[in-house]
Amino acid sequence: MTKENVVRICDLIAEYCIYGLIVALAISGAAIEVFSALAVLAFIVKKILIPDFSLFKVSRFSWVSLLLFTFLWSFYCLMPDHILERVCAHYFPSGLRMCSFSW
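A brief structural summary. (Residues numbered from 1 in each chain as written. Predicted model: local features only at pLDDT ≥ 70, side-chain atom pairs only at ≥ 80, totals over all residues. Heavy atoms only, no water.)

**What to know about helix α2 (residues 29-49)**
Over its 21 residues, α2 extends 31 Å from the first C-alpha to the last, a length consistent with the 30 Å expected when each residue adds 1.5 Å. Looking only at α2, the buried set comprises A39, A42 and K47. Seen from one end, α2 has its buried residues packed into an arc of 130°, which puts them on one side. Among the exposed residues of α2, those pointing more than 90 degrees away from its buried face are A30, E33 and I48. Elements that come into contact with the buried residues of α2 comprise α1 (3-24). (Helix = DSSP H or I, 4+ residues; strand = E, 2+ residues; numbered from the N terminus. Expected span 1.5 Å × (residues − 1). Buried < 20%, exposed > 50% of the residue type's maximum accessible area, 1.4 Å probe, protein only. Arc of directions from axis to C-beta. Contact = heavy atoms within 4.5 Å.)

This is the structure:
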């Protein structure tokens, strides 16, 4: 089996894992873990065979903004609901607050 065939198979595995993630999103948490792990594994194998990291060579500003977004999103997810309700009631219109906390 040649390197090109393995890379093509890794691309197909990653593609079908993304399709599987879309289908399994509302059904099963275990299927989501399996599909995402297979997609990451296919990506790692592909990058070992063809080490092209030009996608990751972006400006420092975009990495800083990505880290800032990740930090803020993690902070938002870890906040207790009663604090989020007060913050949203103060800063956002009632429609957004009703959509966010109706579950």
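**A few points about the pattern of salt bridges**
Overall, the coordinates contain one salt bridge when judged by the stated rule. Of the charged contacts, one joins D11 and K46 as a salt bridge, the two residues approaching to 2.9 Å between their closest N and O atoms. With D11 in helix α1 and K46 in helix α2, this residue pair connects regions lying 35 residues apart in the sequence. Taking relative accessible area as the criterion, D11 reaches 35% and is therefore assigned partly exposed. (Salt bridge = Lys/Arg side-chain N within 4 Å of Asp/Glu carboxyl O.)

**Description of α1**
End to end, α1 covers 31 Å across 22 residues, agreeing with the expected 32 Å (1.5 Å per residue, within 8%). Looking only at α1, the buried set comprises V7, C10, C17, G20 and A24. Take α1 and look down its axis: the buried residues cluster within an arc of 145°, on one side only. Exposed and facing more than 90 degrees away from the buried side of α1 are E4, Y16, I22 and V23. If you follow the buried residues of α1, they end up packed against α2.

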